[in-house]
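Residues per chain are reported as follows:
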Amino acid sequence: RPDELAPLAAQVRWEYDSMRVATTAVIELHGATGSREMVRDLFVIALNVKARNLLHFFESPASARADDVVARLYVEDWSEKDISLGLALLRAAFAPGVNKRLLHLTARLVRVDADADAYQVAEIYWSLACTMQHFMDRLSPERRAWFCPDGSEPDTSPSALGLRFAGAEVGPSRVEDA
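It should be emphasised that the depicted structure is a prediction, and the values quoted were computed from it without experimental measurement. Positions within a chain are numbered from 1, following the residues in the order the chain's sequence is written. Selection of residues for local features in this predicted model requires a pLDDT of at least 70, selection of side-chain atom pairs for listing and counting requires 80 or more, and totals for whole chains, interfaces and linings are taken over all residues. Side-chain figures throughout are based on the complete set of non-hydrogen atoms in the structure, without hydrogens or water.

Peer 1: Would you explain the environment of V26 in this entry?
Peer 2: Numbering of helices and strands runs from the N terminus, with a helix taken as a DSSP run of H or I at least four residues long and a strand as a DSSP run of E at least two residues long. Secondary-structure assignment places V26 in helix α1 (residues 5-28). Along the primary structure V26 and V44 are separated by 18 residues, whereas in three dimensions their C-alpha atoms are 6.3 Å apart.

Peer 1: It is not clear to me how helix α3 (residues 85-93) should be interpreted in this structure. Could you clarify?
Peer 2: Residues lying three or four places apart along an α-helix face the same way, a consequence of the helix completing one turn every 3.6 residues. With a 1.4 Å probe rolled over the protein chains alone, any residue whose accessible area is under 20% of its type maximum counts as buried; one over 50% counts as exposed, and the rest are partly exposed. What α3 keeps buried is the set G86, L87 and L90. Buried residues of α3 fall within an arc of 95° about the axis and therefore sit on the same side. Seen from the buried face of α3, the exposed residues on the opposite side, beyond 90 degrees, are L85 and A92. What the arc measures is the spread of directions leading from the helix axis to the C-beta atoms.

Peer 1: Would you take a moment to explain the packing of α1 against helix α2 (residues 35-59) for this structure?
Peer 2: Packed helix pairs are characterised by how far apart their axes lie and by the angle those axes make with each other. To obtain each axis, a line is fitted to C-alpha atoms, and for helices this fit is confined to the stretch in contact; angles are then taken between N-to-C directions over 0 to 180 degrees. Between α1 and α2, whose axes approach to 8 Å, the crossing angle comes to 145°. Crossing of α1 against α2: the hand is left-handed. Together, V12, W14, E15, Y16, S18, M19, A22, T23, A25 and V26 of α1 and R40, F43, V44, A46, L47, K50, A51, N53, L54 and F57 of α2 make up the contact between the two elements. Just so you know the grouping, Ala, Val, Leu, Ile, Met, Phe, Trp, Tyr, Cys and Pro go in nonpolar, Asp, Glu, Lys and Arg go in charged, and all remaining residues, Gly too, go in polar. Here the residues of the contact of α1 with α2 sort into 14 nonpolar, three polar and three charged. Definitions for this section: a left-handed crossing has its near helix turned counterclockwise from the far helix by less than a right angle. A right-handed crossing has that turn clockwise. Any two residues whose heavy atoms approach within 4.5 Å are treated as being in contact.

Peer 1: I'm lost on the nonpolar core in this one. Help?
Peer 2: It is characteristic of soluble globular proteins that their nonpolar side chains tend to be buried jointly. In plain words, nonpolar cores are sets of buried Ala, Val, Leu, Ile, Met, Phe, Trp, Tyr and Cys residues tied together by side-chain atoms within 4.5 Å. Judged by nonpolar contacts, the single largest core of 34 residues is most densely connected at F57, F58, Y74, L128, F135 and F147. Taken together, the elements giving at least two residues each to this core come down to α1, α2, α3 and α6 (118-138).

Peer 1: Sorry if this is basic, but what is going on with the confidence of the model for the protein here?
Peer 2: The predicted coordinates of low-pLDDT regions are not to be read in fine detail. Values of pLDDT, which run from 0 to 100, indicate the predictor's confidence residue by residue. Predicted confidence across the protein gives a mean pLDDT of 78, with 76% of residues reaching 70 or more. The weakest mean pLDDT in the protein belongs to helix α5 (residues 108-111) at 60; the strongest belongs to helix α7 (residues 141-146) at 96. This stretch, residues 163-178, has a pLDDT under 50; its non-local contacts, to residues over four places away or in other chains, come to 47 contacts.

In structure tokens, the structure reads:
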């Protein structure tokens, strides 16, 4: 319903900001042990969930249910051409396994080093940040304000992460299986 678009925009912004916070925490907790390793794992789960929600939002699939919140509700001509290369690569590399990683115990848990995701975490963030910025640029001024409930724009810069993990460079050319 049209009267729900503004409050739902604030929820999309919450998802984006939560994804950014989870990304920062995962990078800052790189190499953690003991209970801090468990905290890092919780942030990895949160990052995966938030990233999957945002990926669905930006993809705006034709199969979306009537009550799904998707980008084309805000930008009527939003289409596949609006999805960044990074997001397209993310969709191919990340999305197919996210449900399996989150909802099933698999051998991957012991086959892949727990800290092997540091680069992929930065890639997930960067792909979604680039698409978020493009999306914000396509919005009308009125609708853009809906995504800035406190008056501030979403932080889409790599420096927003405060990358302290050595070598956690970001860029859409390096998307790998997350």
